Amino acid sequence: MAASTVAANFDVFRFDPARQVQPRYQRYTLELAPHTPVLTALLRIRAEIDPSLTLRYSCRSAICGSCAMQINSKSRLACQTPIGPEVERHGRVVVEPMRNQPVLRDLVVDQASFWAQYDRIEPHLKLDPAHPMPEGRTTSMTPEEVDRFKETPRCIACAACFSACPAVEADPAFPGPMALAKLYRFVVDPRDGATQDRLVRIQPNGLWLCLRCHLCTEACPKDVRPSERIRDLKEMAIAVQGGTEHGSKHAIGFKDNIVDLGLLNEMKLVRQTFGVGGMLGQLPQGLKIWRKKPEVIRKPHRIEGADELEKIYAELDKRSETPK
Ligand code: SF4
Ligand code: SF4
Ligand code: FES
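Parameters and conventions
- Residues numbered from 1 in each chain as written.
- Chains lettered and ligands numbered in written order.
- Predicted model: local features only at pLDDT ≥ 70, side-chain atom pairs only at ≥ 80, totals over all residues.
- Helix = DSSP H or I, 4+ residues; strand = E, 2+ residues; numbered from the N terminus.
- Buried ≥ 20, exposed ≤ 12 C-beta atoms within 10 Å, placed from the backbone.
- Contact = placed C-beta atoms within 7 Å.
- Near = placed C-beta within 6 Å.
- Nonpolar A, V, L, I, M, F, W, Y, C, P; charged D, E, K, R; others polar.
- Expected span 1.5 Å × (residues − 1).
- Domains from an automatic or database assignment.
- Arc of directions from axis to C-beta.
- Pairing = 2+ DSSP bridges.
- Axes fitted to C-alpha atoms, helices over the stretch in contact; angles between N-to-C directions.
- Parallel < 35°, antiparallel > 145°, perpendicular 65-115°, else oblique.
- Left-handed = near helix turned anticlockwise from the far one by under 90°.

> Would you mind going over the overall build of the chain in detail, with residue names and values included?
Helix and strand counts for the chain stand at 14 helices and seven strands. If you line up the chain on its principal axes, its C-alpha atoms span 70 × 70 × 40 Å. Among the 324 residues that make up the chain, the fraction classed as buried is 31%. Residue pairs at least 24 apart in sequence account for 66% of intrachain contacts in the chain once pairs closer than 6 positions are excluded.

Dropping the structure here:
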């Protein structure tokens, strides 16, 4: 083998739920050039060593979205991930199926829940009769309006974000980053007549379950930046409906606290989020925190420089956009 190759160890997840109780990892070793994509390596393993290895792929060009998997614990496209940096950093390449979806076999998962969440947001235009196509124009949108959702059409539905999302793992009711990014695309489309209805309907058991961890944005191979689209949806949901969910009440209370004092009044924030009755339910958690950090219930005071924060918020409020 030429000196420009590396001996790469692949620890590949193997599982056939119809025949096996437990998954296992199988090691394969190949001499490969460092720029070789993980997908190419897996296809060589299948062609030359083990024809039973099951995986999903199609375009081999980061277009179709079929080959998303966990590579050294990150949600990645296998056709876009070269082995060199993985071997250099981790000493091996651990390949596993996407998370948050049941394994059908080896690296192939059942994507039914991912697509069910996509269907849930009704991903089609609901045309607004109040905004018909202007005469003589081929589109009713201006370039600036199209710009508002320029990232979302890049999505290739690979589900890497869904696999990386801890909110999906914690609560299967959460629509997931891709569905919410797609929802954003219709909410800001000036031709869509269901903006308010979409924002109201996505809130219970939906939008506010997002933990703002940005792992979806980190995982996305197409820079759709779902977490930023979710942040925008939250702002628009509050503009349409005010604080109706724990999440929106918390966001409003958080801002009120900062504008008022420059720091968080934890007790007040809990009351603003859960109400006086709901505070009782938070009591055990509150006591636990108080034992570790008694200063959280000290009488709040306005910090020095809070005036500057007020000015920042006032400026942000001026710039904040309404849904359309
Ligand atoms: S930011 Fe929200 S949607 Fe994105 S991965 Fe974190 S919890 Fe999931
Ligand atoms: S948003 Fe990005 S990570 Fe999520 S499905 Fe679309 S392309 Fe894949
Ligand atoms: S095979 Fe199509 S995106 Fe990787």
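> If you had to explain the site of ligand 1 to someone new, which residues and values would you point to?
Near ligand 1, the surroundings consist of 15 residues, among which C165, A167, C210, C213 and C216 are the closest. Here the shell around ligand 1 takes three residues from helix α10 (residues 226-241), the largest share from any one element. Across the shell around ligand 1, the residue classes break down as twelve nonpolar, two polar and one charged.

> Could you give an account of α10, naming the residues involved and the relevant values?
Helix length check: α10, at 16 residues, gives a terminal C-alpha distance of 22 Å against a target of 22 Å (1.5 Å per residue), a fit within 8%. Of all the residues in α10, the buried ones are P226, S227, R229, I230, L233, K234, M236, A237 and I238. Those residues of α10 that are buried are in contact with α5 (160-164), α7 (177-187), α8 (195-201), α9 (215-219) and α11 (246-261). G242 lies just past α10 and shows a positive phi near 70 degrees.

> Run through the domain arrangement of the chain, naming residues and quoting values.
The domain architecture assigned to the chain consists of domain 1 (6-109), domain 2 (112-131 + 142-241) and domain 3 (252-319). One C-alpha centre belongs to domain 1, the other to domain 2, and the line joining them spans 29 Å. Across the contact, 15 residues belong to domain 1 and 15 residues belong to domain 2. At the level of elements, β3 (68-71) and β4 (74-77) are the ones that each hand at least two residues to the side of domain 1 that touches domain 2. A per-element tally of the side of domain 1 that touches domain 2 places β4 first, with four residues. Residue classes in the side of domain 1 that touches domain 2 are distributed as six nonpolar, six polar and three charged.

> How would you explain the site of ligand 2 if you had to name every residue and give the values?
Neighbouring ligand 2 are 16 residues, the closest being C155, C158, C161, C220 and V224. Mapped onto the shell around ligand 2, the elements with two or more residues apiece are α5 and α7. At three residues, the largest contribution of residues to the shell around ligand 2 is made by α7. Tallied by class, the residues present in the shell around ligand 2 amount to 15 nonpolar, no polar and one charged.

> For helix α3 (residues 112-120), give the residues involved together with the corresponding values.
By the burial criterion, the buried members of α3 are F114, Q117 and Y118. Down the axis of α3, the smallest arc covering the buried residues is 105 degrees, so these residues share one side. Facing away from the buried side of α3 by over 90 degrees, the exposed positions are A112 and D119. The inward-facing, buried residues of α3 abut α5 and α7. Where α3 ends, the next residue or the one after it, E122, has phi of about 55 degrees, a positive value.

> Tell me about the pairing of β4, residues and numbers included.
When β3 meets β4, the two strands line up antiparallel, connected through four bridges. Of the residues in β4, the one forming a bridge with M69 is R76. Linking β3 to β4, which pair antiparallel, is a turn of two residues; within it N72 sits at a positive phi near 45 degrees.

> Quick one: what's the story with the environment of E31, residue by residue and with numbers?
One can find E31 in strand β2 (residues 24-32). In this structure, the C-alpha to C-alpha distance between E31 and P51, residues 20 residues apart in sequence, is 19 Å.

> Please provide a residue-by-residue account of unusual backbone geometry, values included.
Phi is positive for D106, close to 45 degrees, though the residue is something other than glycine. Secondary-structure assignment places D106 in the loop between β6 (103-105) and β7 (108-109). Taking the C-beta count within 10 Å as the criterion, D106 has 23 such neighbours and is therefore assigned buried. If you check the backbone angles, R212 has positive phi at about 60 degrees while not being a glycine.

> Explain the packing of α7 against α10 to me, and be specific about the residues and the numbers.
Contact pair α7 / α10: the axes reach a minimum separation of 9 Å and the direction vectors enclose 55 degrees. Judged by the angle between their axes, α7 and α10 are oblique. Helix-helix and strand crossings are classified by hand; for α7 and α10 the assignment is left-handed. Facing P177, M178, L180, A181, L183, Y184 and V187 of α7, the residues of α10 in contact are P226, S227, R229, I230, D232, L233 and M236.

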